[in-house]
Number of protein chains: 2
Amino acid sequence: MKDLTSEVAQLVDWLGEFGKDPEGGVTRLLYTNEWVEAQKALEKQMQEDGLTTRYDDIGNLFGRLEGSKYSDETILTGSHVDTVKNGGKLDGAFGILAGILALRHLKAKYGQPLRNLEVVSFAEEEGSRFPYAFWGSKNLMGLAKKTDVENIEDFNGVRFVDAMREAGFDFRDETKAMRNDIKGFVEIHIEQGNVLEKEGKAIGVVHNIVGQRRFTIEVTGVANHAGTTPMGYRKDALLAASQMIQDVINKAKEYGDPLVATVGKIEVKPSIVNVVPGNALFTLDVRHTEKDMLVKFTEELTTIIDGISAESGVETTIDMWMDEDPIPMDPQIVDAIEKQTKEKGLNYKMMHSGAGHDSQIIAPIVPTAMIFVPSRDGISHNPLEYTSPEELAIGVQALIESLYVLAYKE
Amino acid sequence: MKDLTSEVAQLVDWLGEFGKDPEGGVTRLLYTNEWVEAQKALEKQMQEDGLTTRYDDIGNLFGRLEGSKYSDETILTGSHVDTVKNGGKLDGAFGILAGILALRHLKAKYGQPLRNLEVVSFAEEEGSRFPYAFWGSKNLMGLAKKTDVENIEDFNGVRFVDAMREAGFDFRDETKAMRNDIKGFVEIHIEQGNVLEKEGKAIGVVHNIVGQRRFTIEVTGVANHAGTTPMGYRKDALLAASQMIQDVINKAKEYGDPLVATVGKIEVKPSIVNVVPGNALFTLDVRHTEKDMLVKFTEELTTIIDGISAESGVETTIDMWMDEDPIPMDPQIVDAIEKQTKEKGLNYKMMHSGAGHDSQIIAPIVPTAMIFVPSRDGISHNPLEYTSPEELAIGVQALIESLYVLAYKE
């Protein structure tokens, strides 16, 4: 364990130098120089660890330890190499580095696996440079299409296609069959929440990734002079909106975990200190591990909002512009991870992921599971993102145990 | 009355041509060409009506009908000639035009008054070009100082001082004594609210201009990931703010008229759809005709906000950045106006003004009263601002009756 702790600390700091941002944290956007350098460095590291490396067409990087018996069966681990702007050193990166370390230790201790073991450094997950997320895992699964990205540009007007070719990659051949050797995928990731920390747990064994629905609610009342319009003559859009926010969020609290509901944005018009707002627009993000509950809560919030709207004499529209189903992890792999984690005496918690990950792209096609390590104060996408090397090492240990069961056992 | 209706309609349309904005409505900002042309046209009109005209140093325009008996006593009427950007044809302008018409009809019917009668076209009230309001009436009362404006600029970087001199005016001599002949001031204005319209009244006799307090409330919670932070682990600044808005406004409704409370602006940070807001900032505008009630409501809202803040585990600051006392109108003039209005069978309502006017600057020094006419849908500061010529004419009639009592009676 002491070795693992210093090894993981060293690797995290090392990879964090690629794209280190003078404004803080790490900025390693898809197909930039920083990204290219990071992939090259990871490729070299994988080779030094005795892995056979290759890139796919679009730039996902794989390092492989050949299986002795089931050459057509591969167990995959890894995560994404890209970051948000001014992100942390762990989000994505830790999953790749933990994979390299796990393979290093498994090979050292147990030699060749029965099944191929591969670590992947996915090209992209965040959607931070171009308006497209999960480019890496969606290509591996054959879900990303050329037409999805051929007309998109980054914030500087650089075309996706040009950036990709400049970095030395190109579209995959969409007529070619996809890989069918991948029999399992395990991704380790920082929690990006504060549940493990608050509950004093070292490991989260993830059984589900939440589904989410996102709404924009627009309330239209009448803008009036703040001084000359008596309270009884108003149709105050913000007053109605604030009651909606109150009642919907309090209803979410009544439902309790794992339901979460968040109003992250609100804007009023005309937004003048002495004018009653005639218009209020707010967003609502709702997540749950069960589709049925998302549907039920959507009905509930619609009833609440429509009721307040009618009472207040304002007009309200509810626009649902995102509707993603929950993604359950594979029960057998989850069980195997839980069993190993328990046997090794690791202090774990069965939990869901409230955030999206590459695993949600892969899980509908390949048996998939996730392992979480704590995030200090729940902070991520921020230079303050932090997990101690000791906690990271426990995570790597859990990953080692999981991959051992999947790749070394009959 | 038929004459008055067509006369007022003609004058309103005529003055509305000065500063007519291609983007809609009227834009007649202090010391612009449009403003200069409007004052010159009004000067000419006053002269055609047999009034003696003069400008004061800063550009307030006066038209005078000499009194036969009390040459050291002047009854003043009028309002401001400037508008907001894309304002209406009536706000301010109607008060000047009604004054000209009133003097025309009084002179025609009763000849020379006992006291001097003057109509004023105040240079500025809105604070729309430069960050300074009531420049006109504050100069008449000796309240505006050179130092207030000598370093201010408009949105194009033009200095106040340069704009004033360019228009042909300059600072008043602050060492000179102010006029002490003004014994009464009556301002007629559109209501800029919807009370008269809703209650089917033709005239508002104003007994008080509300005091107002303005606050900025800042709520600091913790920004968290919307997916990975269970409801119980949040300190949602917007959730707390929306409860504050709800409870403070509902408390204002409990108080009832004439209290009004308005949250016109709200901003959250980081303002991202999937992040729990860590910060929420909103404004609060509170008005009442009695200072005591403003003080009491301030205590009440502070208790409400502090209570919600403590319960929600957020930090909150309340900053009161405006505190203006209510300005009572002169009871004797108000009584005289009410009596005349009643005698003439005009359908009137005793009311307060919820908006600020030149009258509030003058009232603490000179006995002052205001008359309101209805505003369609309560709309002002907008090209849609409208009062029918018939309603305007009833207003002019009420002004004539009021000025008659003040200037023609012993």
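Residues numbered from 1 in each chain as written. Chains lettered and ligands numbered in written order. Predicted model: local features only at pLDDT ≥ 70, side-chain atom pairs only at ≥ 80, totals over all residues. Heavy atoms only, no water.

Chain A has the name Allantoate deiminase in an unreviewed UniProt entry, where Sporosarcina soli is given as its organism.

Participant: Got a minute to help me understand the overall build of chain A in this structure?
Facilitator: Counting its secondary structure elements, chain A contains twelve helices and 16 strands. Against the 2.2 N^0.38 benchmark of 22 Å for 410 residues, chain A shows a C-alpha radius of gyration of 24 Å, consistent with a compact globule. Based on the C-alpha atoms only, the size of chain A along its principal axes is roughly 80 × 50 × 40 Å. Here the contacts in chain A between residues at least 6 apart in sequence split such that 78% fall between residues at least 24 apart. Of the accessible surface of chain A, which amounts to about 16000 Å², a share of 48% is contributed by carbon and sulfur atoms. The averaged location of the 65 negative side-chain charges in chain A is 3 Å from the averaged location of its 43 positive side-chain charges. (Helix = DSSP H or I, 4+ residues; strand = E, 2+ residues; numbered from the N terminus. Rg over C-alpha atoms; globule rule 2.2 N^0.38 Å. Contact = heavy atoms within 4.5 Å. Areas by Shrake-Rupley, 256 points an atom, 1.4 Å probe, with all protein chains shown as cover. Lys, Arg positive; Asp, Glu negative; His and termini not counted. Charge placed at Lys NZ, Arg CZ, Asp CG, Glu CD.)

Participant: Can you walk me through the pairing of strand β12 (residues 279-288) of chain B in this structure?
Facilitator: The side chains of a regular strand alternate between both faces of the sheet. Residue and element names in this part refer to chain B. By the criterion of burial, β12 is predominantly enclosed, with nine of the ten residues buried. Taken together, the ten bridges between strand β7 (residues 211-220) and β12 define a ladder with antiparallel strand orientation. Opposite glutamate 218, over in β12, you have leucine 281 as the bridge partner. Pairing of strand β9 (residues 260-262) with β12, which is carried by three bridges, proceeds in the antiparallel orientation. (Buried < 20%, exposed > 50% of the residue type's maximum accessible area, 1.4 Å probe, protein only. Pairing = 2+ DSSP bridges.)

Participant: Hey, could you run me through the relation of the copies chain B and chain A in this one?
Facilitator: Superposition of chain B onto chain A requires a rotation of 180° combined with a translation of 0.0 Å along the rotation axis, giving an RMSD of 0.0 Å. Overall, the copies show the geometry of a two-fold rotation axis. Relative to the rotation axis, the C-alpha of B:Ser242 is the closest in chain B, positioned 2.3 Å from it. In this assembly the copies share their binding face: 100% of the residues contributing to the interface of chain B also contribute to that of chain A. (Least-squares fit on C-alpha atoms with pLDDT ≥ 70 in both.)

Participant: Help me out: how do you make sense of the interface of chain B and chain A in this one?
Facilitator: Interface size is commonly expressed as the accessible surface area that is lost when the partners come together. Contacts between the two partners involve 52 residues from chain B and, on the opposite side, 52 residues from chain A. Roughly 4500 Å² is buried in total at the junction of chain B and chain A, and carbon and sulfur atoms are behind 60% of that figure. Connecting chain B to chain A are zero salt bridges. Taken together, chain B and chain A are joined by twelve residue pairs in polar contact (both at pLDDT 80 or more). Counting only elements with at least two residues in the side of chain B that touches chain A, the list comes to α7 (195-199), β8 (224-225), α8 (237-255), β9, β10 (266-269), β11 (275-276) and β12 of chain B. At nine residues, α8(B) tops the list of elements feeding residues into the side of chain B that touches chain A. (Buried area = accessible area lost by both parts, 1.4 Å probe. Salt bridge = Lys/Arg side-chain N within 4 Å of Asp/Glu carboxyl O. Polar contact = N/O pair within 3.5 Å; in protein donor to acceptor, adjacent residues only side chain to side chain.)

Participant: Just checking my understanding: could you explain empty space enclosed by the protein for this structure?
Facilitator: All names here are of chain A. Inspection of every chain in the model, using the stated rule, returns one cavity of 30 Å³ or more. Lining the largest cavity, in full, are Leu15, Gly16, Val26, Arg28, Thr83, Gly88, Lys89 and Ala93. The class makeup of the residues in the lining of the largest cavity is three nonpolar, three polar and two charged. (1 Å grid on protein atoms, 1.4 Å probe; cavity = no way out; pocket = protein on both sides within 12 Å on 5 of 7 lines; lining within 4 Å. Points joined across faces, edges and corners; volume = space filled by probe spheres on them. Nonpolar A, V, L, I, M, F, W, Y, C, P; charged D, E, K, R; others polar.)

Participant: Would you mind showing me how to read the pairing of strand β16 (residues 368-373) of chain A here?
Facilitator: Residue and element names in this part refer to chain A. Judged by how many residues are buried, β16 sits mostly within the fold: six of six residues are covered. Covered by surrounding structure in β16 are Thr368, Met370 and Phe372 together with Ala369, Ile371 and Val373, the residues of both alternating faces. One ladder, built from six bridges, connects strand β5 (residues 182-190) with β16; its direction is parallel. Across the sheet, residue isoleucine 188 finds its bridge partner in β16, namely isoleucine 371. Direction of pairing for strand β6 (residues 203-209) relative to β16: antiparallel, over a ladder of three bridges.

Participant: Mind showing me how you'd approach the environment of A:Phe282 here?
Facilitator: All names here are of chain A. Looking at where phenylalanine 282 falls in the secondary structure, it is placed in strand β12 (residues 279-288). With a relative accessible area of 2%, phenylalanine 282 lands in the buried category. Counting along the chain gives 64 residues from phenylalanine 282 to leucine 346, while the straight-line C-alpha distance between them is 43 Å. Ignoring anything within four residues of it in the chain, the contact list for phenylalanine 282 reads Phe215, Thr216, Ile217, Val219, Ala241, Met244, Ile245, Val263, Lys265 and Ile266.

Participant: Would you explain a negative patch on the surface in this entry?
Facilitator: Residue and element names in this part refer to chain A. Together, Asp57, Asp148, Asp173 and Glu174 make up a region of like negative charge exposed at the surface. Mapped onto the elements of the fold, aspartate 173 is located in the loop between α6 (160-166) and β5. The class of aspartate 173 is partly exposed, set by a relative accessible area of 39%. (Patch = residues over 30% accessible without salt bridge, like charges linked within 9 Å, V, L, I, M, F, W, Y side chains within 5 Å.)

Participant: Please explain the packing of aromatic side chains as it appears in this structure.
Facilitator: For any pair of aromatic rings, the description consists of the separation of the ring centres together with the inter-plane angle of the planes. Taken as a whole and assessed by the stated rule, the structure comprises 30 aromatic pairs over all chains. Measuring from centroid to centroid gives 5.1 Å for A:Tyr31 and A:Trp35, while their planes differ by 75°, and the two rings are edge-to-face. Here A:Tyr31 matches A:Trp35 in class, with each residue buried. Ring geometry for A:Tyr404 versus A:Tyr408: centroids 5.4 Å apart, planes at 20°, classification stacked. Of this pair, A:Tyr404 and A:Tyr408 both sit in helix α12 (residues 389-408), four residues apart, roughly one helical turn. Both residues of the pair, A:Tyr404 and A:Tyr408, belong to the buried class. What links up through ring pairs into an aromatic cluster is the set A:Tyr31, A:Trp35, A:Tyr55, A:Phe130, A:Tyr132, A:Trp135, A:Phe160, A:Phe169 and A:Phe171. Over the ring of B:Tyr233 we find A:Lys198; its NZ or CZ atom is 5.2 Å from the centre of that ring. The ring of B:Phe62 carries B:Arg179 above its face, with NZ or CZ at 5.4 Å from the centroid. (Phe/Tyr/Trp six-rings, centres within 6.5 Å; stacked < 30°, edge-to-face > 60°. Lys NZ or Arg CZ within 6 Å of the ring centre and 35° of its normal.)

Participant: Got a minute to help me understand helix α2 (residues 33-48) of chain B in this structure?
Facilitator: Side chains of residues three or four places apart in an α-helix project in the same direction, reflecting 3.6 residues per turn. Residue and element names in this part refer to chain B. A rise of 1.5 Å per residue sets the reference length of α2, with its 16 residues, at 22 Å; its end C-alpha atoms lie 23 Å apart and thus fit the reference within 8%. Among the residues of α2, Trp35, Val36, Ala38, Gln39, Ala41, Leu42, Gln45 and Met46 are the ones counted as buried. Count one or two residues on from α2 and you reach glycine 50, which has phi positive near 80°. (Expected span 1.5 Å × (residues − 1).)

Participant: How should the UniProt feature "domain: Peptidase M20 dimerisation" (unreviewed entry) in chain A be read in this particular structure?
Facilitator: Using the residue numbers shown here, the UniProt feature "domain: Peptidase M20 dimerisation" (unreviewed entry) corresponds to residues 211-306 of chain A. Here residues 211-306 of chain A runs as 36% helix and 32% strand, with 24 Å between its end C-alpha atoms. (UniProt positions renumbered as here; feature names shortened; annotations may be inferred.)

Participant: Which parts of the structure should I look at to understand unusual backbone geometry?
Facilitator: Only a minority of non-glycine residues have a phi that is not negative, and only a minority of peptide bonds are not trans. Residue and element names in this part refer to chain A. Cis geometry is found at the peptide bond from aspartate 257 to proline 258, where omega equals 0°. By the secondary structure assignment, proline 258 is in the loop between α8 (237-255) and β9 (260-262). Put simply, lysine 269 and proline 270 share a cis peptide bond, and its omega is 5°. Tracing the chain through its elements places proline 270 in the loop between β10 (266-269) and β11 (275-276).

Participant: What is the right way to look at the side chain of A:Gln45 in this model?
Facilitator: Residue placement: A:Gln45 occurs in helix α2 (residues 33-48). In contact with A:Gln45, other than residues within four places in its own chain, are A:Leu11, A:Trp14, A:Ile100 and A:Arg104.

Participant: How should I be thinking about the packing of α2(A) against helix α3 (residues 93-110) of chain A in this particular structure?
Facilitator: Packed helix pairs are characterised by how far apart their axes lie and by the angle those axes make with each other. Residue and element names in this part refer to chain A. In the contact formed by α2 and α3, the axes pass within 10 Å of each other and the chain directions differ by 10°. As the angle between them shows, α2 and α3 are arranged roughly parallel. For the pair α2 and α3, contact is made by Leu42, Gln45 and Met46 and by Ile96, Leu97, Ile100 and Arg104, respectively. Residue composition of the contact of α2 with α3, by class: five nonpolar, one polar and one charged. (Axes fitted to C-alpha atoms, helices over the stretch in contact; angles between N-to-C directions. Parallel < 35°, antiparallel > 145°, perpendicular 65-115°, else oblique.)

Participant: What should I look at first to understand the pattern of salt bridges in this one?
Facilitator: Charged atoms that come close allow side chains of opposite charge to pair. Taken as a whole and assessed by the stated rule, the structure comprises 46 salt bridges over all chains. Of the charged contacts in the structure, one is a salt bridge between A:Glu118 and A:Arg179, with a shortest N-O distance of 3.0 Å. Of this pair, A:Glu118 sits in strand β4 (residues 115-122) while A:Arg179 sits in the loop between α6 and β5; the two residues are 61 residues apart in sequence, bridging distant segments of the chain. Residue classification places A:Arg179 among the partly exposed residues on the basis of a relative accessible area of 26%. One salt bridge in this structure joins B:Asp162 and B:Arg159, with 3.4 Å as the shortest N-O distance. Assessed through its relative accessible area of 36%, B:Arg159 is described here as partly exposed. Each of A:Arg64, A:Glu66, A:Glu118, A:Arg179 and A:Asp181 takes part in salt bridges that share partners, so that together they form one network.

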